[in-house]
Structures are given as C-alpha cells and as structure tokens.
Amino acid sequence: MNQETQQGSAPLLDRSDVRVKHADTIGGTIGAFIDRVRSGDLGSLPVIVGLIIICTVFQSLNPVFLAPNNLVNLLFDCSTVGVISLGIVCILMVGEIDLSVGSVSGFSSALLGVLWVNSGWPVAVAIIVALVLGAAIGALYSFLFNRFGMPSFVSTLAGLLAWLGLQLYLLGSSGSINLPYGSPLVNFGQTLVMPDAVSYALAAIAGIVVFVTGYRTAARRRVAGLSASSLGRLLLQAAAVIVILEFIVYYLNQGRGVPWMFGLFVALCVIMNYALTRTKWGRSMTAVGGNREAARRAGINVRRIYLSAFVLCSTLAAAGGLLAAARLASASQQAGTGDVNLNAIAAAVIGGTSLFGGRGSAYSALLGIIVIQSIASGLTLLDLSSSLRYMITGAVLAIAVIVDSLARRSRLSHGRA
Amino acid sequence: MPESDRQDSAPGERVLSLRGVSKHFGAVSALTDVDLDVHAGEVVALVGDNGAGKSTLVKVLAGVHQPSSGTITFAGKEVVLADPATALGLGIATVFQDLALCENLDVVANIFLGRELNPPRLDEVSMEIRAWTLLNELSARIPSVREPVASLSGGQRQTVAIARSLLTEPKLILLDEPTAALGVAQTAEVLDLIERVRARDLGVIMISHNMEDVRAVADRIVVLRLGRNNGEFGPDASNQELVAAITGADENSVSRRATRRRSQQAPEARP
C-alpha cells in the first residue's frame with residue numbers, strides 16, 4: 001500500500017523505508033558513529049583511547065618507550081600471548097571460557113623441549129605433536145561440556161592444574177630445557193625480521209585487498225539494486241589503510257624491522273577474522289553465542305560448534321606456548337604460569353570481545369594484546385617491580401570488564417544486543 | 001479489508017488431512033482420534049485449554065513426535081513425518097513462540113541461519129536481496145535488515161520469524177501462539193501478516209489463546225478438548241460458544257454428558 005508507492009520512487013531495495021536514517025555522507029557517517037558509541041556499541045574505541053593514554057604517559061616518563069627498537073621488541077612479545085588470546089576470542093564467541101590456556105601453552109613448550117632437545121626428534125615433528133595434543137585437550141573439554149554438561153569454567157580450571165602438573169613432570173628435576181641458539185625456531189622467535197621491501201609490499205597489498213573486495217561488493221550491490229558505497233569512499237578507505245600501515249612499517253624499519261613472528265600473528269588474526277565473519281562456521285559460532293536454542297532450532301549442530309571452539313582455543317594456546325619457548329629459547333617451569341593466562345583473556349576482553357558471548361572480533365586479540373604489552377613494557381622501562389606490574393595489569397583488566405558490562409547494559413537498553 | 005478478503009477466497013485444494021490421529025505417552029492419551037483438514041489459502045485456528053493437545057498436535061505435524069495411530073495426508077499423499085527435517089522437506093514449516101531468533105545477529109543472518117548461501121564464502125548480497133524480497137512480499141515494516149534483531153519490536157521479530165519460515169517455500173505453516181506477549185498495535189501487525197501469508201496460497205495453522213485474534217483472522221476454528229475434536233466453528237462464532245466448547249462447561253449432546261460426568265472436578269475448579 002503505502003510501501004508500494006514509496007518503492008516506485010525509490011528504486012533501491014533497502015532504502016524504501018523513509019523512517020530510517022542512512023549515513024550516506026561523511027558527516028552522516030560520523031554522526032552514526034557517535035550514535036553507535038552513545039548506545040553502547042563501543043567497538044574498538046576504548047582500546048584506541050587507552051593506547052593513546054598509555055603512549056602519552058609512558059613516553060613522557062621515559063622517552064625510550066616509543067623508540068623503534070622498543071616497539072619491535074614489544075611486537076615480538078605481543079605475538080606469543082597474542083596467539084593464545086586469539087583462541088580465547090574463539091571460545092568467548094560461543095559464550096564459554098578456557099582458563100587453562102596458560103597451562104596448555106606451558107605444557108606444549110615443555111613437550112617441545114623434551115621431544116626436540118632431549119629425545120632428538122625433528123623439530124617439525126615435535127611441533128606437530130604439541131599442536132595435536134593441544135587439540136586433543138580442547139576435544140576433551142568439549143566432550144566434558146557436551147556429554148556431561150560440565151561448565152567450561154570448572155573443567156578448564158581442573159585442566160589448569162592438571163596440565164601444569166604434566167608440564168612439571170615432563171621437565172623433571174632439571175626444571176628447564178634450553179633450546180639451541182641459532183636454530184631456525186629460536187631465530188624466528190628472537191631475531192628474524194622482514195626485509196624492508198617485503199614489509200612495505202605487504203602493507204600496500206593489505207590496502208589493495210581492502211579496495212578490491214570493497215569495489216567488487218559495491219558493484220554487485222549496485223547491479224542488484226541495493227545501496228552501495230561510492231567509489232570515492234572506497235578509495236579514501238583504502239588510502240587510509242595504506243597510509244597508516246606504511247607509516248607503522250616505516251617507523252619499525254627505522255629499528256630492526258617488522259618481526260616475522262608478528263607477521264604470523266597478524267596473518268592468523270586475518271584468517272580468523274575471515275572465518276568468523278564470512279563463513280557459515282563463523283555465523284554459527286556467533287549464533288550459538290547469542291542464543292543457543294535458536295541456533296539449535298535453525299539446524300546448526302551446536303555440539304560440533306562447541307567442539308570447534310574448544311579445539312581451536314587449545315590448539316592456539318599450544319601454538320602460543322611454542323612461540324613463547326622460541327622467544328625465550330627455553331622450556332622452563334615458569335612458562336605459561338603467572339600472568340600469561342589472565343593476559344590472554346584480558347587482551348581479548350580489552351579488545352572488545354564480550355565475556356557474555358556472541359560479540360567479538362579476531363582483531364580484538366591484536367589490539368588488546370598491544371595494550372597489555374605496552375603497559376608491561378612501559379612499566380619494565382620504569383624499572384618497577386613485578387608486584388606493581390601485576391597490580392596495574394589487574395586494574396586495567398577490571399576496568400576493561402567494567403566497560404564491557406556497562407556497554408552491554410547500554411546496548412540492551414538501546415536495543416542493540 | 002480483511003473481511004472482504006475472507007468472503008472472496010474459496011478454499012483451495014486440501015493441503016493437509018489428519019484422520020484418526022492418536023498419540024499416547026505411556027498411559028496418557030494426549031490425542032485421541034483427531035481429524036483435521038487444512039486447505040491452501042486457509043487459516044485454521046487451533047484452540048483449546050491448557051493440556052487439550054494443541055502443542056502435541058503441532059509437534060506431530062512438525063515431526064517432533066510420531067503419532068501412535070492414524071494417518072497424515074499431505075498434498076494428496078500419505079506421509080510419515082519421522083523427524084523435523086522430513087516435515088520441513090515436505091513443506092511444513094513451524095514458527096515457535098519464542099527462542100527462534102538470535103538477537104545479536106542482523107535480520108538477514110537470522111532469516112538464513114542454518115541455511116546460508118555459499119558456506120565457505122557467504123554470499124551476503126544474494127541473501128540480502130532474498131531477505132528484502134521476502135519482507136516486501138509480506139509488506140513487512142522492517143526499517144533495516146542490517147540492524148541486529150535486538151533493535152526490533154516484538155511484532156517485527158515475529159515478522160522476521162515468519163519470513164524465515166517462508167524461505168523454504170513451504171505449503172503449510174504452523175504458528176505457535178504468534179500473538180502472545182505482543183501489544184495491541186503489534187498484534188494487529190502480526191494478524192495482517194497472517195492474512196498476507198494466506199494470500200500466498202499457503203495453508204496456515206495457528207494456535208492461540210486469544211479468542212479476539214482467532215476470530216479476526218481464522219477461516220475455521222477447530223476446538224480441541226482433552227485430546228479430542230470438540231467442534232468446529234466459523235469466524236462468526238460467539239465468544240460464548242467457543243468458550244463453552246473449549247471448557248466443556250455447556251454441553252448438550254447426550255453422548256458427551258457421560259464424559260463430562262467423569263471429568264466433573266476439572267471444569268468446576270475453573271471460575
């Protein structure tokens with residue numbers, strides 16, 4: 001009736017309802033962004049604000065903080081816990097938790113030391129065995145969860161102790177195993193950086209990929225009679241990506257350069273982001289985290305989704321443990337203990353992945369871990385004791401969770417779930 | 001306008017026909033010899049008191065329960081609804097009262113949940129076009145299909161749930177309490193929507209407790225009482241007649257008087 005006539009004059013399929021505001025201009029986009037933030041859809045805003053504050057404070061206290069080589073070191077350190085945090089994003093998406101990631105990472109680094117150094121296995125085989133055992137641990141959690149309804153909170157808390165015990169048992173009385181200096185794995189964890197040309201090229205490719213995919217989607221939408229972003233907007237977006245990335249790469253190249261290990265971490269984030277947002281699996285993960293019963297009624301195999309989340313989380317934790325071993329060139333009793341667990345979880349939450357399930361992004365692991373490591377690095381530069389470092393990191397985690405809870409409450413009252 | 005629609009539409013071919021369907025759960029007979037016919041382009045309301053067997057009947061049709069005896073004929077062929085997937089495959093879609101949507105996903109994602117196009121690389125454009133087509137066919141008033149469902153009203157959510165069930169091109173659609181927990185305007189919206197589903201020549205079975213809604217939209221009202229057919233009424237039946245049939249408080253047939261005597265305590269407990 002009314003709708004029909006509107007449609008005659010407005011050909012776009014998704015713009016026929018006059019009651020809805022659409023942000024078409026740049027001013028409109030900014031307005032929509034402000035509205036979104038007001039209603040509690042914060043996205044990565046808290047992280048960026050937090051990073052700016054952290055950088056300003058630490059830079060004023062110690063000018064070494066923003067020096068290229070300190071940032072390169074920071075990125076090396078980010079990559080190990082960051083990979084673990086990526087697994088946490090997965091498990092938080094379905095609304096569960098894994099508290100044992102630290103122990104799993106320590107266990108896998110001990111396994112690497114025992115198999116590779118003590119038993120003389122090829123390093124590749126040792127890595128594969130560690131990853132497979134990590135996956136098996138995740139499969140065990142999901143079995144306990146799916147079959148017995150054991151809350152993941154409890155099963156992974158039990159796992160935290162059990163795998164720590166296994167790690168200590170493997171390392172035996174010596175307590176630590178040194179990985180050989182100069183081996184490819186240790187080099188990867190400590191020194192290997194991208195050649196300048198490669199890093200510049202990768203940053204440019206990222207921008208080009210953003211533009212090409214955006215352009216192709218816009219073209220398809222236009223053909224189909226849906227609203228589409230304009231060419232200018234796409235170009236602006238791609239240009240912004242290229243300029244920002246090239247600047248970061250240029251700055252890092254003033255020091256040692258972009259670590260390959262950080263490259264691996266970013267690549268994992270990109271793959272995970274694609275999987276979570278562009279595949280049926282990712283859609284199912286989000287659905288299970290949002291409303292398990294609705295997902296089940298829609299024909300999604302909910303148990304298999306939980307299985308995939310637990311397995312991915314533990315496997316990535318094991319991978320993080322291997323990277324940490326490479327970074328430290330040793331597998332020790334301390335690996336994976338202390339603040340590793342909480343840093344991984346805190347990074348995901350600080351980056352904007354909700355503890356309540358169904359909301360999150362792979363990039364939250366990347367952003368969150370940079371925040372956490374910046375704090376750690378800044379405090380180390382100030383020569384503060386670890387007691388203060390723990391207290392400050394704890395406070396940051398508490399603030400992040402408060403922001404998450406408040407944003408969630410605001411989203412609910414503004415109807416944004 | 002709905003009034004004129006109803007008089008114009010002659011019943012189409014018979015979509016669904018139940019004959020002598022019974023369902024026992026151990027010693028309890030939830031359904032006894034139930035007969036039910038639904039034609040294309042017809043809204044059949046299923047009413048009855050709590051425990052009358054409405055939900056059991058819907059579950060039998062959705063393939064969740066299998067009848068103990070009796071036959072189900074769908075689109076001219078006798079069928080066995082072994083599981084929900086079979087029912088859906090034949091063309092029987094069910095819209096449950098609640099728990100049907102994921103609030104954190106947008107409208108398109110909800111409509112296609114579990115049936116996404118091109119799983120390894122989701123075809124968002126095709127899905128969005130199909131979603132708009134479905135919603136426009138229902139003249140649905142959804143402002144944007146890229147907003148999370150949490151931002152929609154109860155009536156709009158029911159619309160999304162119904163659009164979702166139409167995705168599989170069913171011949172029969174079962175609505176379980178579509179207007180429960182909705183406000184006045186939203187209820188009217190959903191009733192309009194049911195009219196439009198009927199206009200697409202689908203058979204509709206609607207369960208409701210609300211006699212007003214039932215009489216507003218149904219072509220026939222089938223009353224179940226204690227698991228048995230207890231009368232069939234047109235949309236012009238009075239409230240009193242319907243309530244009498246539902247509660248069994250005012251019966252005149254001799255054969256049913258015996259039944260009433262046996263279950264006298266139950267109806268008298270009711271005000």
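## Side note on the packing of helix 5 (residues 101-118) of chain A against helix 7 (residues 152-171) of chain A
Residue and element names in this part refer to chain A.
Thought 1: Helix 7 packs onto helix 5 with a crossing angle of 20° between their chain directions and a minimal axis gap of 8 Å. The angle between helix 5 and helix 7 falls in the class roughly parallel. When you trace helix 5 past helix 7, the crossing you get is left-handed. Residue-level inspection shows S103, V104, G106, F107, A110, L111 and V114 of helix 5 in contact with helix 7, the latter providing G159, L160, W163, L164, L166, Q167, L170 and L171.
Thought 2: Residue composition of the contact of helix 5 with helix 7, grouped by class: 11 nonpolar, four polar and no charged.

## Let's talk about the sheet that holds strand 4 (residues 69-74) of chain B
By way of backbone hydrogen bonds, the strands of a sheet pair with one another, either parallel or antiparallel.
Residues and elements named next belong to chain B.
Thought 1: With antiparallel pairing, the four strands of this open sheet are ordered in space as 2-1-4-5. Here the strands that pair on one side only, and so sit at the sheet edges, are strand 2 (28-39) and strand 5 (77-79). Strand-to-strand twist across the sheet, computed as the mean angle between neighbouring axes with direction ignored, equals 25°.
Thought 2: Taken together, the three bridges between strand 4 and strand 5 define a ladder with antiparallel strand orientation.

## Looking at the sheet that holds strand 3 (residues 42-48) of chain B
Residues and elements named next belong to chain B.
Thought 1: Across the sheet, which stays open at both edges, the six strands sit in the order 6-7-8-3-9-10 with mixed pairing between neighbours. Strands at the two margins of the open sheet, each flanked by one partner only, are strand 6 (92-95) and strand 10 (228-233). Here the average twist between neighbouring strands, direction ignored, is 20°.
Thought 2: Sheet strands touched by helix 9 (residues 239-247): strand 3, strand 9 (220-225) and strand 10. Its angle to strand 9, the strand with the most contacts, is close to 30°.

## Details of the pairing of strand 1 (residues 14-25) of chain B
All names here are of chain B.
Thought 1: With eight bridges connecting them, strand 1 and strand 2 associate as antiparallel partners. Bridge pairing in strand 2 links H24 to S29.
Thought 2: Once strand 1 ends, the chain turns through two residues before running back antiparallel as strand 2, passing G26 with a positive phi of about 60°.

## Some remarks on helix 6 (residues 123-148) of chain A
All names here are of chain A.
Thought 1: With 26 residues, helix 6 should cover 38 Å at 1.5 Å per step; its first-to-last C-alpha distance of 37 Å lies within 8% of that length.
Thought 2: Among the residues making up helix 6, those that are buried are A126, A130, G134, I137, G138, Y141, S142, L144, F145 and N146.
Thought 3: On its buried face, helix 6 sits against helix 5, helix 7, helix 13 (292-297) and helix 14 (302-328).

## What about a nonpolar patch on the surface?
All names here are of chain A.
Thought 1: On the surface, a cluster of nonpolar side chains totalling about 670 Å² of accessible area is made up of I30, F33, I34, L45, V49, I53, V57 and L61.
Thought 2: Listed by contribution, the elements that provide at least two residues to the nonpolar patch are helix 2 (26-38) and helix 3 (45-61).
Thought 3: Looking at which element gives the most residues to the nonpolar patch, the answer is helix 3, with five residues.
Thought 4: When you line up the elements, F33 lands in helix 2.
Thought 5: We classify F33 as partly exposed; its relative accessible area is 36%.

## Remarks on the interface of chain A and chain B
Thought 1: Taken together, the contact pairs 34 residues of chain A with 36 residues of chain B.
Thought 2: For the pairing of chain A and chain B, the buried interface totals around 3,100 Å² over both sides, and the portion due to carbon and sulfur atoms is 57%.
Thought 3: Among the residues chain A hides against chain B, the three largest losses belong to K280, R283 and R297 of chain A. Together they make up 20% of the total.
Thought 4: Counting across the interface, chain A meets chain B through four salt bridges.
Thought 5: In this structure, R283 of chain A and E124 of chain B form a salt bridge, with 2.7 Å as the shortest nitrogen-oxygen distance.
Thought 6: Secondary structure elements with two or more residues in the side of chain A that touches chain B: helix 1 (2-9), helix 9 (196-224), helix 11 (260-278), helix 12 (280-290) and helix 13 of chain A.

## Details of the pairing of strand 7 (residues 172-176) of chain B
Residue and element names in this part refer to chain B.
Thought 1: Of all five residues that make up strand 7, five are buried, and the element is covered over most of its length.
Thought 2: Burial of strand 7 is two-sided: the residues L172, L174 and D176 facing one way and the residues I173 and L175 facing the other way are all buried.
Thought 3: Alignment of strand 6 against strand 7, held across four bridges, turns out to be parallel. Its bridge partner being in strand 7, A93 is matched across the sheet by I173.
Thought 4: In this structure, strand 7 lies alongside strand 8 (residues 203-207), joined through five bridges in parallel fashion. Paired with L175 across the bridge in strand 8 is M206.
Thought 5: Where the polypeptide runs from strand 7 across helix 7 (residues 184-199) and back to strand 8, its parallel neighbour, the crossover connection is right-handed.

About the criteria used
Residues numbered from 1 in each chain as written. Chains lettered and ligands numbered in written order. Predicted model: local features only at pLDDT ≥ 70, side-chain atom pairs only at ≥ 80, totals over all residues. Heavy atoms only, no water. Axes fitted to C-alpha atoms, helices over the stretch in contact; angles between N-to-C directions. Helix = DSSP H or I, 4+ residues; strand = E, 2+ residues; numbered from the N terminus. Parallel < 35°, antiparallel > 145°, perpendicular 65-115°, else oblique. Left-handed = near helix turned anticlockwise from the far one by under 90°. Contact = heavy atoms within 4.5 Å. Nonpolar A, V, L, I, M, F, W, Y, C, P; charged D, E, K, R; others polar. Pairing = 2+ DSSP bridges. Expected span 1.5 Å × (residues − 1). Buried < 20%, exposed > 50% of the residue type's maximum accessible area, 1.4 Å probe, protein only. Patch = residues over 30% accessible without salt bridge, like charges linked within 9 Å, V, L, I, M, F, W, Y side chains within 5 Å. Areas by Shrake-Rupley, 256 points an atom, 1.4 Å probe, with all protein chains shown as cover. Salt bridge = Lys/Arg side-chain N within 4 Å of Asp/Glu carboxyl O. Buried area = accessible area lost by both parts, 1.4 Å probe. Right-handed = clockwise from strand over helix to strand, strands pointing away.

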